[in-house]
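# A look at the structure
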Amino acid sequence: MNILPGGGDCSSLSLPGATLGILGGGQLGRMFTTAARTLGYQVIVLDPDPHSPAAHFANQHIVADFSDLHALETLGKACAAVSTEFENVPADSLRFLAQFCTVHPDADAVAISQDRISEKQFFTAQGFPCARFAVIQSRDDIAPALHQISTAESHPTLLKRSQLGYDGKGQARVNHIDDALRAFDEMGGAPCVLEEFVPLALEVSVILARGTDAQIAVFPLAENQHRSGILDVTLVPARIPDTLAEQARQLAMQIAECLNYCGVLTVELFVTVDGRLLINEIAPRPHNSGHYTLDACVTDQFEQQVRALCGLPLGDTRLLSSAVMVNLLGDLWNGDMPCWKNILSCPQAKLHLYGKRDARPGRKMGHFTVMDATIEQALALALNIKGKMGG
Ligand code: AMP
């Protein structure tokens, strides 16, 4: 049977009934697992945490480290195809797995996105716009980097760890050489980038999927508001001019082409106060800012991840309603389950909880999405609920 548009390569086609693997059993792995099982696939999760949220829905859970070669071989031999829920899986683990089964996205694309230095060097080499930056490998690089990036002595810059930073962790705002040296030491002297601090009007993200046949489907642009470096609220459609939205989509598609990417790709962009687009970072996977697709689009980002991984035609990304997504962080728990009445009693709201056992401040425990006729109405309703919950 050939179900690929235009008679594509069926060698990487995995149909329902096949077994899929996911590296990482957090909320993104859980939503991938749910989507895959809904489509009739079996799912094996590999994650070192015996209580990982995805394991509740998977057929099998391999409790092992992401670099455990024996566990990876077991996974690879049992699966037709494997994907990843996050970029910090060692790229070598993906290379190793690829001996046994289909792996999307591939190790090279993941390697670029798991290291800010290689990611920014990739943007620059390919001519994609990003904030000015300098590479810091040692303390000696800091003074020349500050000189290069700051336009005046007090001009702020951001020092970001090259690897293992997320949700604003592993980064510090630095104004002077002393701040920069202190921040670098506090980050353990690990390689960093020093980045210009850009005055932002808005932050947006483009999530797309590129299939094995190179077809691309782009989800509607999301506008993202952060609090303490963590995504707080996503509004869709993003409130930016159509021309800028189209430019953002084009940039994201060009990145996917450059990487010869297969899978779901997220591109986070800044809209500067003077109306320019700068690429902040890419994630080789579905994204928190795409959770609205679960309730507001014909196809959601996790079903799309399954489709791209399995070589199936991509689904329709059409937005069915304006939507506002609000993250529910562990701070809301306060020793007890929050009262869900405010969300559940609102007919336009959908609650998603990730089944995590321990609620810690800043930990993503769930989200809710409000859908309404206009983005203004959805936002007013969402903020009203959020306010009542103490968010
Ligand atoms: P990141 O970990 O790089 O995604 O950064 C987390 C958040 O910090 C972003 O979502 C922005 O709100 C802010 N941020 C990061 N880089 C910059 C920058 N160069 N200029 C201004 N704000 C930034």
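Everything here concerns the structure above.
From a predicted model like this one, the values you see are computed outputs, not experimental measurements.

Analysis parameters
- Residues numbered from 1 in each chain as written.
- Predicted model: local features only at pLDDT ≥ 70, side-chain atom pairs only at ≥ 80, totals over all residues.
- Heavy atoms only, no water.
- Near = heavy atom within 4 Å.
- Polar contact = N/O pair within 3.5 Å; in protein donor to acceptor, adjacent residues only side chain to side chain.
- Areas by Shrake-Rupley, 256 points an atom, 1.4 Å probe, with all protein chains shown as cover.
- Buried < 20%, exposed > 50% of the residue type's maximum accessible area, 1.4 Å probe, protein only.
- Helix = DSSP H or I, 4+ residues; strand = E, 2+ residues; numbered from the N terminus.
- Arc of directions from axis to C-beta.
- Contact = heavy atoms within 4.5 Å.
- Pairing = 2+ DSSP bridges.
- Axes fitted to C-alpha atoms, helices over the stretch in contact; angles between N-to-C directions.
- Parallel < 35°, antiparallel > 145°, perpendicular 65-115°, else oblique.
- Left-handed = near helix turned anticlockwise from the far one by under 90°.
- Phe/Tyr/Trp six-rings, centres within 6.5 Å; stacked < 30°, edge-to-face > 60°.
- Lys NZ or Arg CZ within 6 Å of the ring centre and 35° of its normal.

### As for the site of the ligand
Not every one of the 15 residues close to the ligand is listed here, only the nearest: Lys 160, Glu 195, Glu 196, Val 198 and Glu 203. One nitrogen or oxygen atom from the main chain of Val 198 is found 2.8 Å from a nitrogen atom belonging to the ligand. Taking Glu 203, its side chain carries an N or O atom lying 2.5 Å from an oxygen atom of the ligand. Burial of the ligand by the protein amounts to 90% of the accessible area it has alone, namely 470 Å².

### Observations concerning helix α7 (residues 177-186)
Along α7, the positions that sit buried rather than exposed are Ala 180, Leu 181, Ala 183 and Phe 184. Buried residues along α7 cover an arc of 165 degrees about the axis, so they all sit on one side. Among the exposed residues of α7, those oriented more than 90 degrees off its buried face are Asp 178 and Glu 186. Elements in contact with the buried residues of α7: β6 (133-136), α6 (142-149), β7 (157-161), β8 (171-174) and β9 (192-196). Downstream of α7 by a residue or two, Gly 188 has a phi angle that is positive, lying close to 75 degrees.

### What about the sheet that holds strand β3 (residues 60-62)?
Strand order in this open sheet of 5 strands is β3-β2-β1-β4-β5, and the pairing throughout is parallel. The sheet is open, and its two borders are formed by β3 and β5 (102-103), each paired with just one other strand. Sitting on the sheet, helix α1 (residues 27-38) is in contact with β1 (19-23) and β2 (42-46), with an inclination near 170 degrees to β1. On top of the sheet, helix α10 (residues 301-310) reaches β1, β4 (81-84) and β5; it is set at about 140 degrees to β4, its chief contact.

### Some details on the pairing of β7
A large share of β7 lies buried, amounting to 4 of its 5 residues. Bridge count between β7 and β8: 4 bridges; the pairing is antiparallel. Across the sheet, residue Leu 159 finds its bridge partner in β8, namely Ala 172. As defined by bridge partners, β7 adjoins β9 across 5 bridges and the pair is classed as antiparallel. Looking across to β9, one finds that Arg 161 is bridged to Cys 192.

### Digging into the side chain of Thr 266
In this structure, Thr 266 sits in strand β14 (residues 263-272). Here Arg 285 takes part through its backbone oxygen, which lies 2.9 Å from a polar atom of the side chain of Thr 266. Apart from the residues lying within four places of it in its own chain, the contact partners of Thr 266 are Ser 205, Val 206, Ile 207, Glu 281, Ile 282, Ala 283, Arg 285, Pro 286 and His 287.

### So, the packing of α1 against α10
Two numbers describe how α1 lies on α10: the axes approach to 8 Å, and their chain directions differ by 70 degrees. Here α10 runs roughly perpendicular to α1, going by the angle between their axes. Note on packing geometry: the crossing formed by α1 with α10 is right-handed. Residues Leu 28, Met 31, Phe 32, Ala 35 and Ala 36 of α1 pack against Phe 302, Glu 303, Gln 305, Val 306 and Leu 309 of α10.

### Focus: unusual backbone geometry
Of note, the bond from His 104 into Pro 105 is cis; its omega dihedral lies within 30 degrees of zero at -5 degrees. Here the amide bond leading from Val 236 into Pro 237 is cis, since omega sits at 0 degrees, within 30 degrees of zero. Secondary-structure assignment places Pro 237 in the loop between β13 (230-236) and α8 (242-258). In this structure, Ala 214 is a non-glycine residue whose phi angle is positive, near 75 degrees. Residue position: Ala 214 is located in the loop between β10 (200-210) and β11 (216-218). Its relative accessible area of 34% is what places Ala 214 among the partly exposed residues.

### Some thoughts on the packing of aromatic side chains
For the structure shown, the criterion picks out 5 aromatic pairs. Taking the centre distance of 5.4 Å and the plane angle of 70 degrees together, the rings of Phe 96 and Phe 100 count as edge-to-face. Aromatic rings pair up to connect Phe 122, Phe 123 and Phe 128 into one cluster. The cationic tip of Arg 173 hangs over the ring face of Phe 197; the distance from NZ or CZ to the ring centre is 3.9 Å.

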